[in-house]
Amino acid sequence: MATIDRQATTLALAHALSAAERGLAVIPLSRTKLPALRSPHRDVPASLPCRGECGRPGHGVHDASTDPARIRELFDAAPWATGYGIACGLPPHHLIGIDLDTKSGTDSSAALRELALRHLFTIPPTVVVLTPSGGRHLWLSGPPGVAVPNSAGRLAPGIDVRGAGGYLVGPGSRTGHGVYAVAPGTAHLAPAACPPALLRLLLPPPRPRQPASPAAGGQHGQGLVQFVLAAHRGQRNTRLFWAACRAYENGIGPALVDSLVAAALDRGLTEREARATIASAARMTGRRP
């Protein structure tokens, strides 16, 4: 039976409701930083994956909500909660969390500075949350329709990334190691736009593919079109955005637009969605769509 700290739960709920007012979808967390509500399907052998379609709470980040009434319901069902998680990748902020850890033998802040120097980007002023272990969470905003994957150490040792399907421990949460707090001078800020060069590092690289047919832009253009054609549901916008960025960076963007749109239509996107994503890639790379 989880220990109930009513004061900590009340404070966590208050912070969660405040975050929801800023458009951040939240869930209750336990002292272990895990979702406070267990899956309602845990005792059902070989149950089909459920992301909350059953209507019951206990689906982790899929329970996340900005509705005050729903948030109170979740906390009422988890009176042992002492913190809250903020779902990443959801509108309006499309939050991306850069977790600078303090694992032994790594200097994650130095690693991020080195990446910034090597790839010519700077982290703009943004929300920074201080963790009880001495780490930092940087909050950034991603473009709509682009799903940044979660990763641990892929960007650099000691740097974890929280993207679509992940969550960040919200400031004001109390865990077994202490309290998460907003860094001084950043509480009034909104999550800053993720620098384009950093966003490209956060997205998965394309898998090498043998081009099947000629396309605008030569062999490289063929590969980008095939990359979009290989997208599964849930990857379509992300792959299209990545391919369009590469096309504009290599000077073949305008020539490849129609081929990329056709590939996106083949994968189920509408023409409007496809052209909006390509235009976003053009802007992110400093080109005119």
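Structure shown above.
Residues numbered from 1 in each chain as written. Predicted model: local features only at pLDDT ≥ 70, side-chain atom pairs only at ≥ 80, totals over all residues. Heavy atoms only, no water.

## Quick look at the packing of aromatic side chains
Let me state the cut-off plainly: When two rings of Phe, Tyr or Trp (its six-membered ring) have centres within 6.5 Å they constitute a pair, described as stacked for plane angles under 30 degrees, edge-to-face for angles over 60, and tilted for the intermediate range. The rule is short: NZ of Lys or CZ of Arg within 6 Å of the ring centre and within 35 degrees of the ring normal puts a charge over the ring.
All chains considered together, the criterion is met by one aromatic pair. In this structure, Arg-246 packs its charged tip against the face of Trp-242, placed 4.3 Å from the ring centre.

## Describing the state of the cysteines
Let me state the cut-off plainly: To count as a disulfide, a pair of cysteine sulfur atoms needs to be within 2.5 Å.
According to the stated counting rule, one finds zero disulfides in the structure shown. Left unpaired, Cys-50 is separated from the closest cysteine sulfur, that of Cys-54, by 3.9 Å. The structure places no disulfide on Cys-245, whose sulfur is separated from the nearest cysteine sulfur, that of Cys-194, by 11 Å.

## What to know about the packing of helix H6 (residues 236-249) against helix H7 (residues 253-266)
Condition: In this description, a line fitted to the C-alpha atoms serves as the axis of each element, helices being fitted only across the stretch in contact, and the angle between N-to-C directions of two axes falls anywhere from 0 to 180 degrees. Helix and strand definitions here come from DSSP, where helices need a minimum of 4 consecutive H or I residues and strands a minimum of 2 consecutive E residues; each element is numbered from the N-terminal end. Convention used here: angles under 35 degrees read as roughly parallel, angles over 145 as roughly antiparallel, angles from 65 to 115 as roughly perpendicular, and any remaining angle as oblique. A crossing counts as left-handed when the near helix is turned anticlockwise from the far one by less than a right angle, and as right-handed when that turn is clockwise. In this description, contact between two residues means that some pair of their heavy atoms is separated by no more than 4.5 Å. Residues were grouped as follows: Ala, Val, Leu, Ile, Met, Phe, Trp, Tyr, Cys and Pro as nonpolar; Asp, Glu, Lys and Arg as charged; and all remaining residues, including Gly, as polar.
Direction vectors running N to C along H6 and H7 enclose 165°, while the axes themselves pass 9 Å from each other. What the angle tells us is that H6 and H7 run roughly antiparallel. Two packed elements cross with a definite hand, and for H6 against H7 that hand is right-handed. Across the interface between the two elements, Leu-240, Ala-243, Ala-244, Ala-247 and Tyr-248 of H6 pack against Gly-253, Pro-254, Leu-256, Val-257, Leu-260 and Ala-264 of H7. Taken together, the residues that form the contact of H6 with H7 break down as 10 nonpolar, one polar and no charged.

## Topic: the pattern of salt bridges
Using the following cut-off: Salt bridge, as used here, is a side-chain nitrogen of Lys or Arg placed within 4 Å of a carboxyl oxygen of Asp or Glu. Only protein chains enter the accessibility calculation, which uses a 1.4 Å probe; a residue is then buried when its area is under 20% of its type maximum, exposed when over 50%, and partly exposed in between.
Per the stated rule, a full pass over the model turns up eight salt bridges. Salt-bridge contacts for Arg-31 lead to Asp-5; the nearest nitrogen and oxygen are separated by 3.2 Å. With Arg-31 in the loop between strand S1 (26-29) and helix H2 (68-77) and Asp-5 in the segment before helix H1 (6-21), this pair connects stretches of sequence that are 26 residues apart. Asp-5 gets classed as partly exposed once you look at its relative accessible area, which sits at 28%. With its nearest N and O atoms 3.3 Å apart, the salt bridge here joins Arg-70 to Glu-73. Linking Arg-70 with Glu-73, this pair stays in helix H2, spanning three residues, or about one helical turn.

## Remarks on the environment of Asp-63
Summarising the element assignment, Asp-63 is placed in the loop between S1 and H2. Distance in space between the C-alpha atoms of Asp-63 and Leu-37 is 9.7 Å, their sequence separation being 26 residues. Leave out the neighbours within four places in its chain, and Asp-63 touches Val-26, Ile-27, Arg-56, Pro-57, Gly-58, Arg-70 and Leu-74.

## What to know about the nonpolar core
Convention followed: Residues belong to a common nonpolar core when they are buried Ala, Val, Leu, Ile, Met, Phe, Trp, Tyr or Cys residues joined through side-chain atoms within 4.5 Å.
Counting 49 residues, the largest nonpolar core has Ile-96, Ile-98, Ile-159, Leu-202, Leu-240, Leu-260 and Ile-278 as its most contacted members. The element that contributes the greatest number of residues to this core is H6, accounting for eight residues. Setting aside anything within four residues of it in sequence, one finds Ile-159 in contact with Ile-98, Asp-99, Leu-100, Ser-108, Ala-111, Leu-112, Leu-115, Ala-152, Gly-153 and Arg-154. Counting residues in hydrophobic clusters, the runner-up holds 32 residues, among them Ala-25, Val-26, Phe-75 and Val-129.

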